[in-house]
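# Remarks on the overall topology
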Amino acid sequence: MPDPRVRRVSFGYFIRPASETGTGAPRVEPCLGYVVDTGSLTLLIDTGMGSSPEVDAHYRPLRQSLAAALGALGLQPQDVDLVINCHLHFDHCGGNPQLVNRPIFTQRTELKTATQEPDYTLSELVHAPGLKYEALDGQAEVAPGVIVIPTPGHTAGHQSVVVRRVDGTVIVAGQSHDSATDYGADVLALRIHRDGHAQPLPVPPPWMPVLEQFDPARVVFAHDHSVWQP
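These remarks concern the structure in this document. (Residues numbered from 1 in each chain as written. Predicted model: local features only at pLDDT ≥ 70, side-chain atom pairs only at ≥ 80, totals over all residues. Heavy atoms only, no water.)

### Overview of the overall build of the chain
For clarity, the cut-off: Secondary structure elements follow DSSP: runs of H or I of four or more residues count as helices, runs of E of two or more count as strands, with numbering from the N terminus. As defined in this context, the radius of gyration uses C-alpha atoms, and a globule is described by 2.2 Å times the residue total to the power 0.38. Residue burial is assigned from relative accessible area. The probe radius is 1.4 Å, only protein chains are included, and a residue is buried under 20% of its type maximum, exposed over 50%, and partly exposed in between. Contacts are assigned to residue pairs with any non-hydrogen atoms lying within 4.5 Å of each other.
When you go through the chain residue by residue, the secondary structure sums to 7 helices and 12 strands. Relative to the 2.2 N^0.38 estimate, which gives 17 Å for 230 residues, the radius of gyration of the chain is 17 Å and therefore close to what a compact globule would have. Taking the principal axes of its C-alpha atoms as reference, the chain extends roughly 55 × 50 × 35 Å. The proportion of buried residues among the 230 residues of the chain is 54%. Considering only intrachain contacts with a sequence separation of at least 6, the fraction spanning at least 24 residues in the chain is 63%.

In structure tokens, the structure reads:
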């Protein structure tokens with residue numbers, strides 16, 4: 001089986017307002033997706049930022065279109081065979097309407113929330129004509145060596161993607177963690193629990209052992225250019 005290749009896709013930047021950063025100051029964040037080439041399939045994990053007057057006023061994004069973002073890697077939207085959305089907020093499914101008639105993998109819980117909860121996302125991104133969702137109920141191997149893992153927290157239906165490679169597993173964590181530093185903190189929290197250290201201790205998410213059992217060599221994120229490595 002060919003060794004899957006994982007490449008970053010840049011969909012631009014947005015400004016998270018001070019009310020959302022917890023620091024009292026605004027913060028510029030990248031919007032990143034990832035292309036996985038298995039040798040026989042091209043997968044796209046997240047599709048960029050959607051647009052509305054309210055979103056643009058709140059986050060002041062500088063967007064890179066789906067075509068331009070993929071073009072930087074020598075690809076076109078028609079080259080994408082299947083899509084995985086880590087979740088369905090506007091900044092992760094903005095290019096979905098351009099990717100009709102191919103499977104889009106999401107957790108059933110996430111799709112239900114995006115369908116039923118007002119103001120959860122931009123509905124026209126999720127429900128554009130011709131979109132074909134594959135609703136998952138938990139862990140699933142969606143392509144050879146590519147495994148979707150539920151990682152709820154940021155949203156109830158958030159999912160991350162494990163890519164098995166010869167040189168070590170890559171985890172596309174999406175927004176399960178905002179940064180590589182946050183991920184590393186949970187790895188250490190998991191370790192110190194296993195070492196039997198005295199309480200009180202930080203509590204990592206219950207799915208952290210599931211990710212760590214894949215022994216990741218690299219973990220990448222939706223809003224952080226940094227890469228976590230053990």
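### Side note on the packing of aromatic side chains
For clarity, the threshold we go by: When two rings of Phe, Tyr or Trp (its six-membered ring) have centres within 6.5 Å they constitute a pair, described as stacked for plane angles under 30 degrees, edge-to-face for angles over 60, and tilted for the intermediate range.
Under the counting rule described, the total for this entry stands at 4 aromatic pairs. Consider the rings of Phe 14 and Tyr 59, whose centres lie 5.6 Å apart with planes at 90°: the pair is edge-to-face. Pair noted here: Phe 14 is in strand 1 (residues 5-16) and Tyr 59 is in helix 2 (residues 53-59), with a separation of 45 residues, a long-range link. Accessibility expressed as a relative area gives 2% for Phe 14, which makes it buried. Note on Tyr 59: relative accessible area 15%, which makes it buried.

### A word on unusual backbone geometry
What you tend to see is this: most non-glycine residues have negative phi, and most peptide bonds are trans. The peptide bond linking Gln 199 to Pro 200 adopts the cis configuration, its omega dihedral lying at 5°. Turning to its location among the elements, Pro 200 is positioned in the loop between helix 6 (180-194) and helix 7 (208-212). In this structure, Asp 46 takes a positive phi of about 75° despite not being glycine. Here Asp 46 lies in the loop between strand 3 (42-45) and helix 2. For Asp 46, a relative accessible area of 3% translates into the label buried. A positive phi is found at Arg 60, a non-glycine position, where the angle reads about 45°.

### Examining the sheet that holds strand 11 (residues 169-172)
So the rule is basically this: Should DSSP find at least two bridges between two strands, the strands are taken to pair. Every axis corresponds to a line fitted to the C-alpha atoms, with the helix fit spanning only the stretch in contact, and the corresponding angles, defined between N-to-C directions, vary from 0 to 180 degrees.
Spatial ordering of the open sheet is given by 8-9-10-11-12, a layout of 5 strands whose pairing is mixed. Because the sheet does not close on itself, it has two edges, and the strands there are strand 8 (140-143) and strand 12 (216-220). Here the average twist between neighbouring strands, direction ignored, is 25°. Note that strand 8 and strand 9 (residues 146-150) share 3 bridges and pair antiparallel. Across the sheet, residue Ala 140 finds its bridge partner in strand 9, namely Val 148.

### Describing helix 4 (residues 108-116)
To be explicit about the condition: To be clear, the arc concerns the directions from the helix axis to the C-beta atoms.
Turning to helix 4, its buried residues are Glu 110, Leu 111, Thr 113 and Ala 114. In an axial view of helix 4, the angular spread of the buried residues amounts to 160°, which keeps them on one side of the axis. Residues Lys 112 and Gln 116 are exposed on helix 4 and point more than 90 degrees away from its buried face.

### What to know about the pattern of salt bridges
Pairing between side chains of opposite charge can happen when their charged atoms approach one another. Applied cut-off: Take a side-chain nitrogen of Lys or Arg and a carboxyl oxygen of Asp or Glu: if they are within 4 Å of each other, that pair is a salt bridge.
Under the criterion given, the structure shown has 8 salt bridges. For Arg 16, the salt bridge is made with Glu 29, and the minimal N-O distance between the two is 2.8 Å. On the criterion of sequence distance, the pair formed by Arg 16 in strand 1 and Glu 29 in strand 2 (residues 27-37) is long-range, its members being 13 residues apart. Residue Arg 16 is classed as buried on the basis of its relative accessible area of 12%. On the basis of relative accessible area, Glu 29 is assigned to the buried category, the value being 6%. Note that Glu 29 and Arg 27 form a salt bridge whose closest N and O atoms lie 2.9 Å from each other.

### Thoughts on a nonpolar patch on the surface
Formally: The patch calculation keeps residues exceeding 30% relative accessible area without a salt bridge and links them within 9 Å when they carry like charges or within 5 Å when they are nonpolar (Val, Leu, Ile, Met, Phe, Trp, Tyr). Only the protein chains shown count as cover for residues, and all accessible areas are computed by the Shrake-Rupley method using a 1.4 Å probe.
A surface patch of nonpolar side chains, about 320 Å² in accessible area, is lined by Tyr 13, Val 28 and Leu 62. By the secondary structure assignment, Val 28 is in strand 2.

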